[in-house]
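Chains, contacts and geometry: an overview
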Amino acid sequence: MPETTDRPTIYVETTVISYLCAEPSRDVVTAGHQQTTRDWWESRARFHLCASQLVREEAAAGDASAASKRLVSLEQIGSLEVTEEAVTFADILVRKGVVPESSSADALHIAIAVAAGCEYLVTWNYRHMANAVLRLGIEDCCREQGYEPIVICTPEELMEE
């Protein structure tokens, strides 16, 4: 369970940490996402940020130097356990077809954040998380299982003017 705070609790998914720590991309869209992520990260004091062991494992993969940068960033935020409750809910998300079986890690990210009572899950994963078409199914599944639906969004959506 995230610590009690008057700030909104946000589960930070791996893509956000990857964009935060990556070398600037030559692709205009990716570079824009990277800059937005960095700007949002600078405003993180407005939120209580947390990530799971799953995020830490994914962040540790790949190039050792890049992984080291990602892991250092993760040291600055809280940690959530991968509970049996979250694993069960992730299985339900997959079994009901809300998230494809081939993307069971995405279902687990959602389930960890939901089971922990986070208000937001921040991600750049449009395929299975920040996806308006899938969002209704995720919200319905949350309600069916007795959970308050989480707001899944990008860092850009959490920026203030």
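That block above? That's the structure.
In short, a report on the structure. Everything numeric here is computed off the predicted structure, so don't read it as measured data.

**Quick look at the environment of Asn131**
Assignment of secondary structure puts Asn131 in the loop between strand S4 (120-122) and helix H7 (132-144). Judged by relative accessible area, which is 17%, Asn131 ranks as buried. Between the alpha carbons of Asn131 and Thr88 there is a distance of 22 Å; along the sequence they are 43 residues apart. Of note is the side chain of Asn131, whose polar atom sits 3.2 Å from the backbone oxygen of Arg127. Here the side chain of Asn131 touches Val133 through a polar contact of 2.8 Å, landing on its backbone nitrogen.

**What to know about the pairing of strand S2 (residues 48-52)**
With respect to burial, S2 is a largely interior element, five of its five residues being buried. Across three bridges, strand S1 (residues 9-12) lies against S2 in parallel orientation. Paired with Thr9 across the bridge in S2 is His48. Two elements, S2 and strand S3 (residues 78-80), share three bridges in a ladder whose sense is parallel. Bridge assignment links Ala51 to a residue of S3, and that residue is Ser79.

**Points about the nonpolar core**
Val12, Trp40, Phe89, Leu93 and Ile110 are the most contacted members of the largest nonpolar core, which has 50 residues in total. If you tally residues by element for this core, the top one is helix H6 (residues 104-115), at eight residues.

**Observations regarding the side chain of Glu13**
When you line up the elements, Glu13 lands in the loop between S1 and helix H1 (14-21). Here Glu13 occupies a buried position and makes no salt bridge, while the nearest side chain of opposite charge, Arg70, is found at 11 Å. At 2.6 Å, the side chain of Glu13 and the side chain of Thr123 are in polar contact. When neighbours within four sequence positions are excluded, Glu13 is seen to be in contact with Val55, His109, Leu121, Val122, Thr123, Trp124, Asn125 and Met129.

**What about the sheet that holds S3?**
To summarise the sheet geometry, strands pair through backbone hydrogen bonds and adopt either a parallel or an antiparallel arrangement. The parallel open sheet is built from five strands, whose spatial order is S3-S2-S1-S4-S5. Since the sheet does not close on itself, it has two edges, and those belong to S3 and strand S5 (151-153), each with one partner. Strand after strand, the sheet turns through a mean of 30° between neighbouring axes, direction not considered.

**Observations regarding the pairing of S1**
Residues Thr9 and Tyr11 point to one face of S1 and Ile10 and Val12 to the other, with burial holding for every one of them. The sheet contact formed by S1 and S4 spans three bridges and is parallel. Bridge assignment links Ile10 to a residue of S4, and that residue is Tyr120.

**Some thoughts on helix H2 (residues 28-42)**
With 15 residues, H2 should cover 21 Å at 1.5 Å per step; its first-to-last C-alpha distance of 21 Å lies within 8% of that length. The set of residues buried in H2 consists of His33, Gln34, Thr36, Thr37, Trp40 and Trp41. Projection of H2 onto a plane perpendicular to its axis shows the buried side chains occupying an angular sector of 165°, all on one side. Residues of H2 that are exposed and angled more than 90 degrees away from the buried face: Val28 and Glu42.

Conventions we followed
- Residues numbered from 1 in each chain as written.
- Predicted model: local features only at pLDDT ≥ 70, side-chain atom pairs only at ≥ 80, totals over all residues.
- Heavy atoms only, no water.
- Helix = DSSP H or I, 4+ residues; strand = E, 2+ residues; numbered from the N terminus.
- Buried < 20%, exposed > 50% of the residue type's maximum accessible area, 1.4 Å probe, protein only.
- Polar contact = N/O pair within 3.5 Å; in protein donor to acceptor, adjacent residues only side chain to side chain.
- Pairing = 2+ DSSP bridges.
- Core = buried A, V, L, I, M, F, W, Y, C linked by side-chain atoms within 4.5 Å.
- Lys, Arg positive; Asp, Glu negative; His and termini not counted.
- Salt bridge = Lys/Arg side-chain N within 4 Å of Asp/Glu carboxyl O.
- Contact = heavy atoms within 4.5 Å.
- Axes fitted to C-alpha atoms, helices over the stretch in contact; angles between N-to-C directions.
- Expected span 1.5 Å × (residues − 1).
- Arc of directions from axis to C-beta.

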